[in-house]
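# Secondary and tertiary structure notes
For reference, the chains in residue letters:
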Amino acid sequence: MIYLDNASTTQPTKEVLNIYNEAQQALFFNSESLHAGGEMIREALTSSRQFIQGYFNTDKEVLFTTSGSHANQIAISIYLSQAEEGTVWVSPYEHPSIFAALEPYQAQFEIKVMPITKEGNIDVTALKAQVDENCVLFIAQHVNSETGYILPVYEIAEIAQSHNVPFHVDGVQAVQKIVEKNIAPFTSYAFSGHKFNGTKGSGALLIEHKSVRPINTHYFHEEGTRNGTLDVPSILAMTKALSLDAAYDHLEALHTYVQERAEAAGFTVLSNPKQAPHIIGLLTPKFEGQYVMQSLSSRNICISTGTACGHGLLLSDGLIDKIKNIRQEADQYIRISFSKTTSKEAVAEGFDQLDKIIEGVAANESS
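Residues numbered from 1 in each chain as written. Predicted model: local features only at pLDDT ≥ 70, side-chain atom pairs only at ≥ 80, totals over all residues. Heavy atoms only, no water.

So, on to the overall build of the protein. Across its full length, the protein carries 11 helices and 14 strands. The globule rule puts the C-alpha radius of gyration for 367 residues at 21 Å, and the 21 Å found for the protein is close to it. Based on the C-alpha atoms only, the size of the protein along its principal axes is roughly 75 × 55 × 35 Å. Among the 367 residues that make up the protein, the fraction classed as buried is 55%. For the protein, restricting intrachain contacts to residue pairs at least 6 apart in sequence, the fraction spanning at least 24 positions comes to 71%. In the structure as shown, the protein presents an accessible area of about 16300 Å², 49% of it carried by carbon and sulfur atoms. Between the averaged position of the 26 positive side-chain charges in the protein and that of its 42 negative side-chain charges there is a distance of 3 Å. (Helix = DSSP H or I, 4+ residues; strand = E, 2+ residues; numbered from the N terminus. Rg over C-alpha atoms; globule rule 2.2 N^0.38 Å. Buried < 20%, exposed > 50% of the residue type's maximum accessible area, 1.4 Å probe, protein only. Contact = heavy atoms within 4.5 Å. Areas by Shrake-Rupley, 256 points an atom, 1.4 Å probe, with all protein chains shown as cover. Lys, Arg positive; Asp, Glu negative; His and termini not counted. Charge placed at Lys NZ, Arg CZ, Asp CG, Glu CD.)

Structure representation (structure tokens):
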């Protein structure tokens, strides 16, 4: 199988699986237990927290979560539970987990979408002009999962700081994918291990100490922000994955190659001012992305599309506007994404098969 859907999840590396399996065998104790086994777990978790802080060069608290979505939910709950009313500014490119976390607060807060330019980029100047004293929170992805668009999070952070308002950044598609690691301007930052060759079941929320609050008096884990025994093997696997070479040059080379093959095949590349190298959003020449995805799947080649049968379009509002502005249809969208374990040969075979599919469609139309 050729797997080109790495923005969805990645395959754990052997080094990561070794750590995971060793921890399942030797570190199976509960972190809350008061005996020697529990103390071993607490020491391992402390070591992981310190490594993560060192990786990002931060003194922010490291709260372990079950996923990136869970980290987003914790952050939003912390901030909005401390405010009575106000405006929350959200980028139009957010993951569904953001809107799921905001849902309980819809009646209490006004949720506003950040303005964008006709090219589909966050309009920082317009945003700055529209924010007023009622603002209580900013939320934005670091890297958009649909096209790899690197959002202007540092410019947004300046606006947040000028209003003394917290700013939560979803870094799930950024960690180990882009070189920039400076999270100092953000109040909190979320990521998930399975997006960079870790195992599923663990994520992290890095948050300023002054912002940490218990969410529920019955929550006893991670500073009162969650329930549930910590998945220590997954946390250690995530930490190991974070320590490995990110292979940025390999990702950049693959991105260049994919763009060349896509343009040669007649696809429109959804370009961005700043681009993460592991994701490329495309619009098919004229047929639905769902058809392309299913045709490739039948040949054991995995890509992604924003269309889910029976559930409509699963695209962000920002991407839909971007597609409309270039006078194409949202159902033409497909996404190809790769990781450091993806080979150029696999990508080449994927596009060879894609070329055959397009040729087949053209032949049927002419007959």
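The discussion continues.
With that out of the way, let us pick up the layout of surface pockets. What the largest pocket holds in volume is close to 720 Å³. Together, 37 residues line the largest pocket, and His-95, Pro-96, Ser-145, Leu-314 and Arg-335 are the ones closest to its centre. For the lining of the largest pocket, the secondary structure elements donating two or more residues are helix H3 (68–80), helix H4 (96–102), strand S12 (307–308) and strand S14 (333–337). Grouping the constituent residues of the lining of the largest pocket by class yields 12 nonpolar, 18 polar and seven charged. By volume, the second largest pocket is sized at about 390 Å³. Lining the second largest pocket are 17 residues, and of these Asn-164, Val-165, Pro-166, Thr-187 and Lys-210 lie nearest its centre. Of all the secondary structure elements, the ones that give two or more residues to the lining of the second largest pocket are H3 and helix H6 (153–162). The dominant element in the lining of the second largest pocket, judged by the number of residues it contributes, is H6, at three residues. Looking at the lining of the second largest pocket residue by residue, the classes come out as 10 nonpolar, five polar and two charged. (1 Å grid on protein atoms, 1.4 Å probe; cavity = no way out; pocket = protein on both sides within 12 Å on 5 of 7 lines; lining within 4 Å. Points joined across faces, edges and corners; volume = space filled by probe spheres on them. Nonpolar A, V, L, I, M, F, W, Y, C, P; charged D, E, K, R; others polar.)

This part covers the packing of aromatic side chains. Considering all chains together, one arrives at 11 aromatic pairs under this definition. Aromatic pair Phe-56 and Phe-191: ring centres 5.6 Å apart, planes at 40°, arrangement tilted. Of the two residues, Phe-56 is situated in helix H2 (residues 36–56) and Phe-191 in strand S7 (residues 188–192); the sequence distance between them amounts to 135 residues. Aromatic ring contacts, followed pair by pair, group Tyr-55, Phe-56, Phe-138, Tyr-154, Phe-167, Phe-186, Tyr-189, Phe-191 and Phe-196 into a single cluster. Stacked on the ring of Tyr-55, the Lys or Arg Lys-181 has its end atom at 4.1 Å from the ring centre. (Phe/Tyr/Trp six-rings, centres within 6.5 Å; stacked < 30°, edge-to-face > 60°. Lys NZ or Arg CZ within 6 Å of the ring centre and 35° of its normal.)

Here we take up the side chain of Ser-339. Structurally, the position occupied by Ser-339 is in the loop between S14 and helix H11 (344–366). A polar contact of 2.9 Å, which involves the side chain of Ser-339, links it to the side chain of Thr-341. (Polar contact = N/O pair within 3.5 Å; in protein donor to acceptor, adjacent residues only side chain to side chain.)

With that out of the way, let us pick up the nonpolar core. Ile-52, Phe-56, Phe-138, Phe-167, Tyr-189, Phe-191 and Leu-206 are the most contacted members of the largest nonpolar core, which totals 60 residues. Here the element with the most residues in this core is helix H7 (residues 232–243); it accounts for seven residues. Beyond its immediate stretch of four places on either side in the chain, Phe-167 contacts Phe-138, Ile-139, Ala-140, Val-153, Ile-156, Ala-157, Ala-160, Phe-186, Thr-187 and Ser-188. With 28 residues, the next largest nonpolar core counts Leu-251, Ala-346, Val-347 and Ala-348 among its residues. (Core = buried A, V, L, I, M, F, W, Y, C linked by side-chain atoms within 4.5 Å.)

In this section: the packing of helix H1 (residues 14–26) against H7. Helix packing geometry: the angle between the two helix axes and the distance between the axes. For the pair H1 and H7, the least separation of the axes is 8 Å and the interaxial angle reads 155°. As the angle between them shows, H1 and H7 are arranged roughly antiparallel. When the axes of H1 and H7 are compared, the crossing they make is right-handed. From H1, Glu-15, Val-16, Ile-19, Tyr-20, Ala-23 and Gln-24 reach across to H7, where they touch Pro-233, Ser-234, Leu-236, Ala-237, Lys-240 and Ala-241. Tallied by class, residues from the contact of H1 with H7 come to eight nonpolar, two polar and two charged. (Axes fitted to C-alpha atoms, helices over the stretch in contact; angles between N-to-C directions. Parallel < 35°, antiparallel > 145°, perpendicular 65-115°, else oblique. Left-handed = near helix turned anticlockwise from the far one by under 90°.)

Strand order across the open sheet formed by three strands is S9-S10-S14, with antiparallel pairing between neighbours. For this open sheet the edge positions go to strand S9 (268–269) and S14, each flanked by a neighbour on one side alone. Bridge count between strand S10 (residues 279–283) and S14: five bridges; the pairing is antiparallel. What sits directly across from Gly-281, in S14, is Arg-335. (Pairing = 2+ DSSP bridges.)

The subject of this paragraph is empty space enclosed by the protein. Taken as a whole and judged by the stated rule, the model has three cavities of 30 Å³ or more. Quantified by volume, the largest cavity comes out at close to 50 Å³. Forming the boundary of the largest cavity are Tyr-55, Phe-56, Ala-174, Val-175, Gln-176, Ile-178, Glu-180, Lys-181 and Tyr-189. Here the residues of the lining of the largest cavity sort into six nonpolar, one polar and two charged.

The predicted coordinates of low-pLDDT regions are not to be read in fine detail. Of the residues in the protein, 96% have a pLDDT of 70 or more, and the chain-wide mean is 92. Confidence over residues 307–312 falls short of pLDDT 50; this stretch has eight contacts with residues more than four positions distant or in other chains. (pLDDT = per-residue confidence, 0-100.)

Moving on: H2. With 21 residues, H2 should cover 30 Å at 1.5 Å per step; its first-to-last C-alpha distance of 31 Å lies within 8% of that length. On its buried side, H2 packs onto strand S2 (61–65), S7, strand S8 (203–207), H7 and helix H8 (248–264). Following H2 by one or two positions, Asn-57 adopts a phi angle in the positive range, close to 50°. (Expected span 1.5 Å × (residues − 1).)

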